[in-house]
Each structure stands twice: as structure tokens, then as C-alpha cells.
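One letter stands for each residue in the lines below.
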Amino acid sequence: MIESTKVIAFSGKGGTGKTTAATLFLSAIVRRTTGQDILVIDADPDANLQTTLGIQITKTVGNIVDKRKREMDDPGLIGEHLRFALWDTVLHGDGFDFLVMGRSTGVGCYCTVNSVLTSLLHETLSMYDIVLIDFDAGLEHFSRRTADPAGTLIVVCDPSGLSFDTAKRIKALVDELGLPYEQHLLVGSRYSSAQESVFMTLAEGIGFGVLGLIPFDEEIATKNLRGESLLSLSPANPAQEAVDRMVEVLLGREG
Amino acid sequence: MPRRVMGGRLLIAAAAAYFAGRRYCVFTNYNVPGTDNTVVDVAAVLPRLKELKSRLKRGFAPTGILAHLIGSGWVPVKEIAQVTGYNLAFVAKVLEEAMGQGWVEIDITGPEARCRIKDYRVPAKECILAFSGAEQLERKLAVWRDLAKRCSGAYFIFPYGLDAKTTDLIVSTGAGIMQYYEDHGIFQEIVPADLCDIEDEKGFALMTERILYDDIWVKVGEII
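Residues numbered from 1 in each chain as written. Chains lettered and ligands numbered in written order. Predicted model: local features only at pLDDT ≥ 70, side-chain atom pairs only at ≥ 80, totals over all residues.

Let's talk about the overall build of chain B
Across its full length, chain B holds 8 helices and 9 strands. The principal-axis extents of the C-alpha atoms in chain B amount to approximately 75 × 45 × 25 Å. Counting across all 224 residues of chain B, residues that qualify as buried make up 37%. For chain B, contacts bridging at least 24 residues in sequence account for 62% of all contacts bridging at least 6. (Helix = DSSP H or I, 4+ residues; strand = E, 2+ residues; numbered from the N terminus. Buried ≥ 20, exposed ≤ 12 C-beta atoms within 10 Å, placed from the backbone. Contact = placed C-beta atoms within 7 Å.)

A word on the overall build of chain A
When helices and strands are tallied, chain A shows 10 helices and 8 strands. Taken along the three principal axes of its C-alpha coordinates, chain A extends 65 × 40 × 40 Å. Scored against the burial criterion, the 255 residues of chain A give a buried share of 41%. Long-range pairs, those at least 24 residues apart, make up 80% of the contacts in chain A with a sequence separation of at least 6.

Some thoughts on the interface of chain B and chain A
Every contact between the two is made by 16 residues of chain B and, on the other side, 20 residues of chain A. Residue assignment for the side of chain B that touches chain A shows that the elements contributing at least two residues are strand S2 (39-47), helix H2 (49-58) and strand S6 (124-132) of chain B.

Concerning the sheet that holds strand S3 (residues 75-76) of chain B
Residue and element names in this part refer to chain B. The 3 strands are arranged S3-S5-S4 in an open sheet whose pairing can be described as antiparallel. Each edge of the open sheet carries a strand with a single partner, namely S3 and strand S4 (104-107). Pairing geometry for S3 and strand S5 (residues 114-117), over 2 bridges, is antiparallel. Across the sheet, the residue bridging to Pro 76 is Arg 114, located in S5. Along the sheet face, helix H5 (residues 88-100) touches S4 and S5 and points at about 120 degrees away from the line of S4. (Pairing = 2+ DSSP bridges. Axes fitted to C-alpha atoms, helices over the stretch in contact; angles between N-to-C directions.)

Considerations on the sheet that holds strand S1 (residues 25-31) of chain B
Residue and element names in this part refer to chain B. Within the open sheet, the 6 strands sit side by side as S1-S2-S6-S7-S8-S9. Their pairing is mixed. Bordering the open sheet on either side are S1 and strand S9 (186-191), each of which pairs with just one other strand. Neighbour-to-neighbour, the strand axes of this sheet turn through a mean angle of 30 degrees, independent of strand direction.

Notes on the pairing of S9 of chain B
When strand S8 (residues 176-181) of chain B meets S9 of chain B, the two strands line up antiparallel, connected through 5 bridges. Looking at the pairing, Tyr 180 of chain B lines up with Phe 187 of chain B of S9 of chain B.

Points about the nonpolar core
Buried together is how nonpolar side chains tend to be arranged in soluble globular proteins. By size, the foremost hydrophobic cluster in this structure holds 129 residues, and its most contacted members are Phe 25 of chain A together with Ala 43, Leu 129 and Ala 130 of chain B. Residue contributions to this core reach at least three from each of two domains, namely domain 1 (8-50 + 125-199) and domain 2 (62-117) of chain B. (Core = buried A, V, L, I, M, F, W, Y, C linked by C-beta atoms within 7 Å. Domains from an automatic or database assignment.)

What about helix H1 (residues 8-21) of chain B?
Residues and elements named next belong to chain B. In this model H1 runs 20 Å from its N-terminal to its C-terminal C-alpha over 14 residues, within 8% of the 20 Å that 1.5 Å per residue would give. Of the surrounding secondary structure, the elements contacted by the buried residues of H1 are S1, S2, S6, strand S7 (153-158), S8 and S9. Following H1 by one or two positions, Arg 23 adopts a phi angle in the positive range, close to 70 degrees. (Expected span 1.5 Å × (residues − 1).)

Here's the deal with the domain arrangement of chain B
What the domain assignment reports for chain B is domain 1 (8-50 + 125-199) and domain 2 (62-117). Placing the centre of domain 1 of chain B and that of domain 2 of chain B at their C-alpha centroids yields a distance of 33 Å.

Let's talk about the packing of helix H4 (residues 77-84) of chain B against H5 of chain B
Residues and elements named next belong to chain B. Following both chains from N to C, one finds H4 and H5 inclined at 115 degrees, their axes separated by 9 Å at the closest point. Once H4 is placed against H5, the crossing between them reads as right-handed. For the pair formed by H4 and H5, the contact residues are Val 77, Lys 78, Ile 80, Ala 81 and Thr 84 on the first element and Leu 88, Val 91, Ala 92 and Leu 95 on the second. (Left-handed = near helix turned anticlockwise from the far one by under 90°.)

Remarks on the pairing of S2 of chain B
Residues and elements named next belong to chain B. Of all 9 residues in S2, 8 are buried; the element is thus mostly enclosed. As paired strands, S1 and S2 are joined by 6 bridges and run antiparallel to one another. Note that in S2 the partner of Cys 25 across the bridge is Val 45.

A closer look at the environment of Pro 76 of chain B
Residues and elements named next belong to chain B. Note that Pro 76 resides in strand S3. Taking the C-alpha atoms as reference, Pro 76 lies 43 Å from Ala 13; in sequence the two are 63 residues apart. With residues near it in sequence (within four places) discarded, Pro 76 still touches Glu 112 and Arg 114.

Some points on unusual backbone geometry
With phi around 65 degrees, Arg 190 of chain A is a residue other than glycine that occupies positive phi space. Residue placement: Arg 190 of chain A occurs in strand S7 (residues 181-191). Backbone geometry places Gln 136 of chain B, a non-glycine residue, at a positive phi of 50 degrees. With respect to the secondary-structure elements, Gln 136 of chain B resides in the loop between S6 and helix H6 (137-147). Given 14 C-beta atoms within 10 Å, Gln 136 of chain B falls into the partly exposed group.

Focus: the packing of helix H3 (residues 61-73) of chain A against helix H4 (residues 82-89) of chain A
All names here are of chain A. One can describe the packing of H3 onto H4 by two numbers: an axis separation of 10 Å at closest approach and a directional angle of 155 degrees. Classed by the angle they form, the pair H3 and H4 counts as roughly antiparallel. The handedness of the crossing between H3 and H4 comes out as right-handed. Judged by residue contacts, Val 61, Ile 64 and Arg 68 of H3 engage Leu 82, Ala 85, Leu 86 and Thr 89 from H4. In the contact of H3 with H4, the residues fall into 5 nonpolar, 1 polar and 1 charged. (Parallel < 35°, antiparallel > 145°, perpendicular 65-115°, else oblique. Nonpolar A, V, L, I, M, F, W, Y, C, P; charged D, E, K, R; others polar.)

Points about the confidence of the model for chain B
In the predicted model, chain B carries a mean pLDDT of 92, and 97% of its residues have values of at least 70. For this predicted complex, the interface confidence comes out at an ipTM of 0.82, alongside a pTM of 0.88. (pLDDT = per-residue confidence, 0-100.)

This is the structure in C-alpha cells:
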């Protein structure tokens with residue numbers, strides 16, 4: 001009723017193009033919306049969204065959690081409160097903010113810090129109109145219920161049967177745990193038009209709604225190979241155009 | 001024995017906790033800046049992170065004066081003194097400080113000093129008002145109507161069920177209705193509020209800056 005943040009989370013088997021998809025979705029959303037606050041979260045421990053967004057990160061949430069834990073264990077150390085450290089970790093890009101989760105590497109019990117962190121992260125999400133989350137390939141964040149925010153879950157599948165197996169497992173886990181996603185949708189990545197009907201059949205077979213297909217794109221492949229930002233792609237790029245259409249459907253459907 | 005009807009103060013405290021639990025920054029019995037001592041039972045503000053961070057770095061905007069510059073372009077300093085009722089020396093001092101913090105530009109090249117607001121954005125996504133409907137309902141409905149353009153919406157909260165006439169009266173203002181079950185600590189949304197875009201940006205700024213400023217000081221006291 002009064003909580004208005006739209007969350008779009010990306011998941012799927014490793015290497016299927018989740019990060020590329022998340023970046024293209026971000027680009028489409030930034031162009032489509034004005035005056036809205038958008039947060040992008042890289043929740044993949046092997047964070048590489050920074051490359052496709054062209055943003056240099058200096059610290060992650062994992063770093064500040066380690067630091068705060070050390071400060072709490074040593075009364076001689078005085079540091080920044082976790083809330084303000086978390087806020088400082090949020091970087092401001094062109095039309096969006098960016099937060100990298102990373103991971104903590106210290107030893108000992110992190111229960112106190114982590115429970116405060118979870119609460120602070122949810123609070124931070126609520127300060128944004130739209131939040132995009134790029135999850136890692138595994139299913140662990142679902143089973144640990146760290147992927148809890150309501151909204152849309154997009155599972156990305158490339159042209160491989162294995163990616164559909166993962167999608168099927170994700171759906172089963174989400175259903176089993178009763179995670180509060182309003183909808184879960186499949187997005188095909190790097191498909192040719194000849195493979196479209198196979199994709200549709202496989203998607204139907206695992207009980208997913210289909211949001212759309214991102215075609216294989218030479219320019220994106222080259223940029224990814226060179227480690228260049230995908231935000232500089234022209235809106236006329238065919239893959240970007242395909243995602244623009246999906247965003248139109250998604251935000252229209254949600255909003 | 002007839003059941004005791006809970007008092008407005010308890011209802012206000014419960015409503016404040018309800019909104020705070022939904023990550024709003026809350027102020028109870030809020031004397032709304034820029035009004036003639038208008039008090040609302042609960043004002044709940046959802047902040048924008050980027051704007052909060054900016055205020056932590058350069059200080060909160062002195063909205064009592066700056067609000068009059070929002071969307072107004074260049075404004076003579078004398079005019080601000082007239083509109084706000086502050087004396088000219090005070091206004092000049094506040095503006096000078098605000099210029100140092102990057103909130104305003106001041107132009108003294110013309111016949112009279114003038115200023116304009118710079119890079120200002122209200123630091124909140126939305127502002128919801130909540131009123132205990134159990135006391136002075138007519139007066140509170142009038143307050144809500146006066147403030148409606150500077151807020152996203154409002155709820156009237158009752159510790160008991162309403163008759164159809166009262167329900168219609170409240171719903172006709174665009175406000176929502178919630179019933180609070182004291183024994184269970186539950187707020188039940190009877191009619192959702194009609195949430196609207198902010199029409200009065202200046203009023204919205206005045207309404208929200210003070211709440212967020214106070215809220216930051218509470219958060220500074222956290223231990224982790």
C-alpha cells in the first residue's frame with residue numbers, strides 16, 4: 001500500500017549473461033524514467049557489474065562489515081557506524097546509484113553485524129524507486145533467504161539445456177521457500193531467431209512466463225571482451241532495443 | 001463492564017511505530033513548518049539516500065528561508081525577509097552560510113542583492129500523514145485538506161470500526177482508513193489512501209527537511 005520500491009532481481013546459471021542483461025535493463029530504465037532514484041546492487045561475490053557499468057569501485061559491503069567487526073572486537077578502535085559506512089559505499093553513477101556486496105573475509109562470529117546489516121540493506125532499498133539486483137549463479141542466496149525482496153525475479157537462460165535446468169531448480173526453490181516474488185520471468189540471452197521456438201518450448205516446459213529474448217550481439221560481445229561499459233551502447237542496438245521492449249512491458253505491468 | 005476505548009496518545013505512538021517499522025522517518029505531534037502552528041499527529045517521511053548523504057556532507061538546507069526560492073529563479077533578499085517575517089540581517093546571514101554550503105547563489109552586482117537556489121532536490125520520496133481519528137475528527141480532516149498538496153497521502157486511524165457515513169466523509173478527502181486492534185498490535189487497512197504526486201514542492205520541502213534532520217541525530221546514536 002505505501003511501500004513503493006520496485007525490485008528487479010536477476011539470477012540464472014553462471015555465464016548466461018545475467019550481468020549483461022542487468023546492465024541493458026538499467027540502461028533502458030534510466031532512459032525511460034525521469035526523477036526516479038535507481039539503485040543497482042551487484043550481489044555476486046565475483047563482482048563484475050562494475051565493468052559493464054564502467055564504474056570504478058573502492059569498497060564493498062563485505063569490506064565495511066570486516067572493518068566494523070574489527071572495530072567492535074577492539075575497544076581501542078573507533079570507526080564509522082555501519083549505517084553511515086554503508087551509505088558511503090553506495091556510489092553515484094549517471095542516473096543511478098551502485099552498491100557492490102562483495103564478501104566478508106574475517107574470522108569469528110559476524111551474527112550481530114550481519115543482522116544489523118540486513119536491516120540496513122532493506123532500509124537502503126526502501127529509499128529508492130527502482131532497485132536492480134544482480135545475484136550470483138548459485139542457489140545459496142535463495143536458500144539463505146538473502147534474496148527476499150518482493151518484486152520481479154528474472155532468470156536468464158542462454159542457448160544451453162543446463163541453463164534451463166538451473167532455472168527449473170530456482171523456480172522450485174522459490175516456490176518451496178515461499179519467497180515473496182510477485183512474478184518470475186525468463187529472459188533468453190544470446191539467441192538467434194532460429195532458436196526462438198526451442199526457447200519458448202523449453203520455457204513452457206519448466207513453467208516460466210517469458211519476458212523476451214536478447215539476441216546475440218557482436219558489439220556487446222566485443223565490449224565484454226574488451227571490458228568496456230555497455231552503457232555507451234546506442235538505443236538502436238538490437239539487443240538494447242529488445243531489452244527496451246521488455247522494460248516497457250515490465251514497468252507497465254508493475255506500475 | 002464496558003471496554004475502555006484507547007486514548008489518542010497511545011494510538012499516535014502505535015501509528016508512529018507502524019510507520020517507523022516500514023522504514024519511514026517519523027515525527028509525532030509535528031508542528032508543520034511554514035504553517036500557523038498546524039500540528040499533525042504523525043508525519044512519516046521516506047528519504048532519498050543521495051540527498052541524505054549530500055546533507056551529511058554539506059549540512060541540511062535552511063528550508064525556512066530556502067523553501068521560498070524553490071522554483072522561483074532569482075529572488076531579491078528583501079523579498080525573502082518580507083515573506084518569512086525574519087529580519088533582513090538574519091536572512092542575509094543564513095543565505096551567506098547557505099552559499100558556503102553550496103545551497104544558493106547570491107548576486108550582488110545589481111541594485112539589490114538577490115539569490116537563487118542551486119541543485120536543490122527535496123530529500124524525500126514521500127510523506128504520509130497519520131491522524132488519530134478518535135478525537136477532533138473534523139478539525140483533523142481540515143488540517144489534512146490544508147496540507148494535502150504537500151504530502152503523498154494520509155491515513156485516519158481508529159481503535160474501533162466506523163459507520164458508513166464517517167467512512168465516506170474520510171474517503172471523500174482521499175485519505176485512507178486503518179483500524180488498530182490494540183490487543184493484537186495490528187493495523188488493518190480498511191480503505192487504502194489515495195497516494196498522489198506532490199503538488200506543492202515548497203511545502204513538501206518544509207515538511208520533510210526538519211523530520212529528516214532530527215532523524216539523523218537519532219541514528220547517530222546507534223552503537224553498531
